Amino acid sequence: MWVMNLNNTSGKTCTCGSWTKHWERYSGARSWPLKCGTKGCPNIPAVGAHVKQVGTGDHLHTIVMLCRGCNNRFGQQLELESYIRLARANIRETCTPLVTW
Ligand SMILES: [Zn+2]
Ligand SMILES: [Zn+2]
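Analysis parameters
Residues numbered from 1 in each chain as written. Chains lettered and ligands numbered in written order. Predicted model: local features only at pLDDT ≥ 70, side-chain atom pairs only at ≥ 80, totals over all residues. Helix = DSSP H or I, 4+ residues; strand = E, 2+ residues; numbered from the N terminus. Buried ≥ 20, exposed ≤ 12 C-beta atoms within 10 Å, placed from the backbone. Contact = placed C-beta atoms within 7 Å. Pairing = 2+ DSSP bridges. Axes fitted to C-alpha atoms, helices over the stretch in contact; angles between N-to-C directions. Core = buried A, V, L, I, M, F, W, Y, C linked by C-beta atoms within 7 Å.

So, the overall build of the chain
Part 1 of the reasoning: When helices and strands are tallied, the chain shows 2 helices and 5 strands.
Part 2 of the reasoning: Listed by position from the N terminus, the elements making up the chain come as β-α-β-β-α-β-β.
Part 3 of the reasoning: Across the 101 residues of the chain, 30% fall into the buried class.
Part 4 of the reasoning: If you take every contact in the chain between residues at least 6 apart in sequence, the share linking residues at least 24 apart comes to 69%.

A word on the sheet that holds strand 1 (residues 2–5)
Part 1 of the reasoning: Within the open sheet, the 5 strands sit side by side as 4-1-2-3-5. Their pairing is antiparallel. Edge positions in the sheet fall to strand 4 (77–79) and strand 5 (87–88), since each has one partner strand and no second.
Part 2 of the reasoning: Sheet topology note: the strand 1/strand 4 ladder contains 3 bridges and is antiparallel. Considered in strand 4, the bridge of M4 is made with Q77.
Part 3 of the reasoning: Seen against the sheet, helix 1 (residues 19–26) touches strand 2 (47–53), strand 3 (62–66) and strand 5 and runs at an angle of roughly 70 degrees to strand 2.

Examining the nonpolar core
Looking at soluble globular proteins, one finds that nonpolar side chains tend to be buried together.
Part 1 of the reasoning: Of all hydrophobic cores here, the largest spans 19 residues; its most connected members are W23, A49, I63, V64 and L66.
Part 2 of the reasoning: Secondary-structure elements contributing two or more residues to this core are helix 1, strand 2 and strand 3.
Part 3 of the reasoning: By residue number, the principal contributor to this core is strand 3, which donates 4 residues.
Part 4 of the reasoning: Setting aside residues up to four positions removed in sequence, I63 forms contacts with W19, H22, W23, G48, A49, H50, L86, A87 and A89.

Here we look at the pairing of strand 1
Part 1 of the reasoning: Burial along strand 1 is one-sided: the face carrying V3 and N5 is buried and the face carrying W2 and M4 is not.
Part 2 of the reasoning: In terms of strand pairing, strand 1 meets strand 2 through 3 bridges, oriented antiparallel. Looking across to strand 2, one finds that N5 is bridged to V51.

Details of the environment of H22
Part 1 of the reasoning: Mapping H22 onto the fold places it in helix 1.
Part 2 of the reasoning: Considering only alpha carbons, one finds H22 and A87, 65 residues apart in sequence, at a separation of 7.5 Å.
Part 3 of the reasoning: With residues near it in sequence (within four places) discarded, H22 still touches C14, C16, G48, I63, A87 and C95.

Encoded structure:
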């Protein structure tokens, strides 16, 4: 799967506290990934990166665990490992909203 690594997403946040936490809650993975989600990259994953799929017409933001090096490749297309777990970044569908009353 090819994705575009999105720029300028550091200001976006959700009630999970961090995008790494968000990934842990909603990716369905039972354990921490052993390596970065980019195909062929052996580094340890460090950050929940915002990406969107390329060529599918799916423009929803998705979180994937990447190493710092790959996360910094803003605006570039990355090929992900086929087994990689993704978490939707659409917080209206996922995160529990904060109760404000
Ligand atoms: Zn969240
Ligand atoms: Zn990497």
